[in-house]
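Each chain, letter by letter, is given below.
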Amino acid sequence: QVRLVESGGGLVQAGGSLTLSCAASGDTFSVNAIGWYRQAPGKQREVVALIGTTGTTNYADSVKGRFLISRDNAKNTAYLRMNILKPEDTAVYYCNFLTSPIAWGQGTQVTVSS
């Protein structure tokens with residue numbers, strides 16, 4: 001059974017940086033596009049960044065220029081480098097396959113203090 005496990009969250013001051021990791025089990029990671037999502041309290045889950053199987057990326061307008069999504073197929077891991085963090089980036093961050101999503105994991109909490 002394929003699993004995706006997020007890590008790397010934490011508490012950071014506004015303007016700071018964090019790098020999140022998304023580790024996949026199984027052998028389907030490299031053939032799947034990956035998305036990073038976030039859900040803030042009282043809000044719906046939203047997509048933050050996407051990366052295709054060939055490395056093509058796309059970002060939500062709210063994070064464009066600040067966040068960088070990447071992947072290492074040899075390590076079955078995707079990353080989200082978050083720079084110039086803002087309090088409004090506070091949320092639980094999740095990763096999932098884009099076109100064939102699996103059950104959501106626990107995510108990783110990111111809290112940005114002002």
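Above: the structure in question.
Remember, predicted model here, so these are calculated numbers, not experimental data.

Caption draft 1: Structural context of the sheet that holds strand E5 (residues 46-51). The strand order E2-E10-E9-E4-E5-E6 describes an open sheet built from 6 strands, whose pairing is mixed. Two strands close off the open sheet at either side, each with one partner strand: strand E2 (10-13) and strand E6 (57-59). Between one strand axis and the next, the sheet turns by 25 degrees as a mean value, whatever way the strands run. Direction of pairing for strand E4 (residues 34-39) relative to strand E9 (residues 91-97): antiparallel, over a ladder of 6 bridges. Bridge assignment links arginine 38 to a residue of E9, and that residue is tyrosine 93.

Caption draft 2: Just the state of the cysteines, in detail. In the structure shown here, the tally under the stated rule is 1 disulfide. The disulfide partner of cysteine 22 is cysteine 95, and the gap between their sulfur atoms is 2.1 Å. Between cysteine 22 and cysteine 95, the S-S dihedral sits near 80 degrees, and the bridge is therefore right-handed. With cysteine 22 in strand E3 (residues 18-24) and cysteine 95 in strand E9, this residue pair connects regions lying 73 residues apart in the sequence. The same class applies to cysteine 22 and to cysteine 95, which are both buried.

Conventions we followed
- Residues numbered from 1 in each chain as written.
- Predicted model: local features only at pLDDT ≥ 70, side-chain atom pairs only at ≥ 80, totals over all residues.
- Heavy atoms only, no water.
- Pairing = 2+ DSSP bridges.
- Helix = DSSP H or I, 4+ residues; strand = E, 2+ residues; numbered from the N terminus.
- Axes fitted to C-alpha atoms, helices over the stretch in contact; angles between N-to-C directions.
- Disulfide = S-S within 2.5 Å.
- Buried < 20%, exposed > 50% of the residue type's maximum accessible area, 1.4 Å probe, protein only.

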